[in-house]
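Listed below are the residues making up each chain.
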Amino acid sequence: MAKTIVVTSGKGGVGKTTSTAALGAALAQRGEKVAVVDFDVGLRNLDLVMGAERRVVYDLINVVQGDAKLSQALIRDKRCETLFLLPASQTRDKDNLTAEGVEKVMEELRKDFDWIVCDSPAGIERGATLAMRHADIAVVVTNPEVSSVRDSDRIIGLLDSKTAKAENGERIEKHLLLTRYDASRADRGDMLKVDDVLEILSIPLLGIIPESLDVLRASNLGTPVTMSDNNSAPALAYTNAARRLAGEDVPMSIPGEKRGLLGKFFGRRAA
Amino acid sequence: MTVPVTNLTEPDERMSENSTDKRPIRLKGRSFLAIQLSPELPFDNWLARLDDLARRSTGFFLGRPIVLDVEGLDITQEELKDLIGELGERSVRIMGIEGARPSILGLGMPPAMKGGRPAADIDPDAEAPKPAAAQAGSSAESGAAAAAAVAEKSRPEAQPVHLAETGQLPSLVVDRPVRSGQSIIFPEGDVTVVGSVSSGAEIVAGGSIHVYGALRGRALAGSVGNSNARIFCSKLEAELVAIDGLYKMPDDLDRQLVGQAVTIWLDGETIRADRL
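Below is a short write-up of the structure. Keep in mind it's a predicted model, so treat the numbers as computed, not measured. (Residues numbered from 1 in each chain as written. Chains lettered and ligands numbered in written order. Predicted model: local features only at pLDDT ≥ 70, side-chain atom pairs only at ≥ 80, totals over all residues. Heavy atoms only, no water.)

1. Section: the interface of chain A and chain B
When the parts come together, some accessible area is lost, and that loss is often what is quoted as the size of the interface.
Then, in step 1: Listed as interface residues are twelve residues of chain A and, on the opposing side, eleven residues of chain B.
Then, in step 2: Interface area for chain A against chain B, summed over the two sides, is near 1,000 Å², with a carbon-plus-sulfur share of 34%.
Then, in step 3: The tally of links between chain A and chain B comes to four salt bridges.
Then, in step 4: When the shortest N-O distance is used, the salt bridge between R179 of chain B and D153 of chain A registers 3.0 Å.
Then, in step 5: At the junction of chain A and chain B, the tally comes to seven residue pairs in polar contact (both at pLDDT 80 or more).
Then, in step 6: Mapped onto the side of chain A that touches chain B, the elements with two or more residues apiece are α7 (146-159) and α10 (194-201) of chain A.
Then, in step 7: No other element matches α7 of chain A, which puts five residues into the side of chain A that touches chain B.
Then, in step 8: For the side of chain A that touches chain B, the per-class residue count stands at four nonpolar, two polar and six charged. (Contact = heavy atoms within 4.5 Å. Buried area = accessible area lost by both parts, 1.4 Å probe. Salt bridge = Lys/Arg side-chain N within 4 Å of Asp/Glu carboxyl O. Polar contact = N/O pair within 3.5 Å; in protein donor to acceptor, adjacent residues only side chain to side chain. Helix = DSSP H or I, 4+ residues; strand = E, 2+ residues; numbered from the N terminus. Nonpolar A, V, L, I, M, F, W, Y, C, P; charged D, E, K, R; others polar.)

2. Some points on the nonpolar core
A general feature of soluble globular proteins is that nonpolar side chains tend to end up buried together.
All names here are of chain A.
Then, in step 1: Counting residues in hydrophobic clusters, the biggest one holds 51 residues, and the most contacted among them are F39, L86, L97 and L109.
Then, in step 2: In terms of residues, this core owes the most to one element, α7, which gives five residues.
Then, in step 3: When neighbours within four sequence positions are excluded, L109 is seen to be in contact with A35, V37, L70, L74, L86 and I116.
Then, in step 4: One finds L27, L46, M50 and A237 within the second-largest nonpolar core, a separate group that totals 36 residues. (Core = buried A, V, L, I, M, F, W, Y, C linked by side-chain atoms within 4.5 Å. Buried < 20%, exposed > 50% of the residue type's maximum accessible area, 1.4 Å probe, protein only.)

3. A closer look at the sheet that holds strand β6 (residues 137-142) of chain A
Residues and elements named next belong to chain A.
Then, in step 1: The strand order β3-β4-β2-β5-β1-β6-β7-β8 describes an open sheet built from eight strands, whose pairing is mixed. The open sheet terminates on both sides in strands that have one partner only, identified here as β3 (75-76) and β8 (205-210).
Then, in step 2: Pairing of strand β7 (residues 173-181) with β8, which is carried by four bridges, proceeds in the parallel orientation. Bridge assignment links Y181 to a residue of β8, and that residue is P210.
Then, in step 3: Lying over the sheet, helix α1 (residues 16-28) contacts β1 (3-8), β2 (34-38), β4 (83-86), β5 (115-119), β6 and β7, oriented at roughly 170° with respect to β5.
Then, in step 4: Its contacts with the sheet put α7 on β1, β6 and β7, and the angle it makes with β6 is roughly 165°. (Pairing = 2+ DSSP bridges. Axes fitted to C-alpha atoms, helices over the stretch in contact; angles between N-to-C directions.)

4. A short note on the pairing of β2 of chain A
All names here are of chain A.
Then, in step 1: Burial within β2 is extensive, with five of its five residues counted as buried.
Then, in step 2: Of the two faces of β2, the one carrying V34, V36 and D38 and the one carrying A35 and V37 are both buried.
Then, in step 3: Here β2 runs beside β4; their pairing, made up of four bridges, is parallel. The residue of β4 that forms the bridge with V34 is L83.
Then, in step 4: The pairing of β2 with β5 spans five bridges and is classified as parallel. Bridge pairing in β5 places A35 opposite I116.

This is the structure:
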């Protein structure tokens, strides 16, 4: 049974693409078949972060418009054979994405894959609403600062009203992925604390990704951070988040906080 | 359908020096429940059915605000004029026309209306016998008073409200958080939110607003002119609170109340707040 995930945030630059690549790679490394789909038509980046920018022949728009078959557009990852990328078009306009076309592509992907991870563009316009439209699960990427939190709140509202699930009277599963978290800055009050964000957004926590140079380095190398160095703090955090998505019970830890405090957060299981 | 509400208090900053009265001019929106009539072609047949309805519930349309919805009807200005005439003969008075092309609206016709929101369906058979409500209004415009029952102001506190008289009191319960950008508009009565109201969200209620959670967005109670409406919340962090068109910004509120469980009410022309 395929599961469709949308990685979304409202605000730009919070780490949607990085998180899509990292979660997709981590799920694929479990041996499950994963497609990561870039919905950011005109500003595509997922191909760069996945290191596949020189292998793009056909893209999502070609498939939506029927110019190419899905199998022609999917790019198999060179490092992990169960990981595939469906790139966005960089030259076409996002108005070429039609609701019917996207629905057809998503249905076809569901037949072939265990996980479909959709990278949503920033904003709340057409691209973002189409990316979330067919999702079963939403991963809401949020930075610990007020504007990102408010935009995420707005997106959660849309997830509850504009998705196919919501329109059928079901509720879409929503998870919070807190990225670029710096415990020492949160302690000084320069950043919102984990509990502050959770209180405002009131959705279950999927993971906390620490602010780290490893993330930037991996992006520039074209490697999902979960593939570059499995032992770096962000890679571990993403891998654990992926395990929680897959239904495993992994205790939550706040990166950079002292061990003694961890016990407090064991009770907060990601639902 | 419901006519949208705009409650504005306009502080007049350009008031000249020799003016003695410094009271602000209050521009108040009011929301009335209008009945929407959607005629169907051919009009003869539709008018016959309307007559039939009128026979069953005598005086149903009398004095009620009616909005004519002609969306999607391919008719000329003449035909529309005739229809309004036919309705006039049946004592159906049109306050506005919705969904009409500007070209078919001529002089002497009711104005074009837009932005109406759907409200609950009205059952004429259940509505027809309304002696109690009409007498309570006891004014010449008793029919309109029934539709604007919520707007009835300054009812003496001692007088008990008879539920049997007013029928079911409308209220809305929202059992999930109200997110940024969402707006809950319920001119018919009270709104209760079980959860928080986020920054950038908005609750507009004809009656009182109850928030069992943090109120971080805007809350506008008594929006149809109900000065007895109140706002209750378990944690006050609001961006704006308003009752009956008078509003307060967070900076005007007592700092000590922020973050507390608070009730907010209107005392004459002043918004007051206190811990619960």
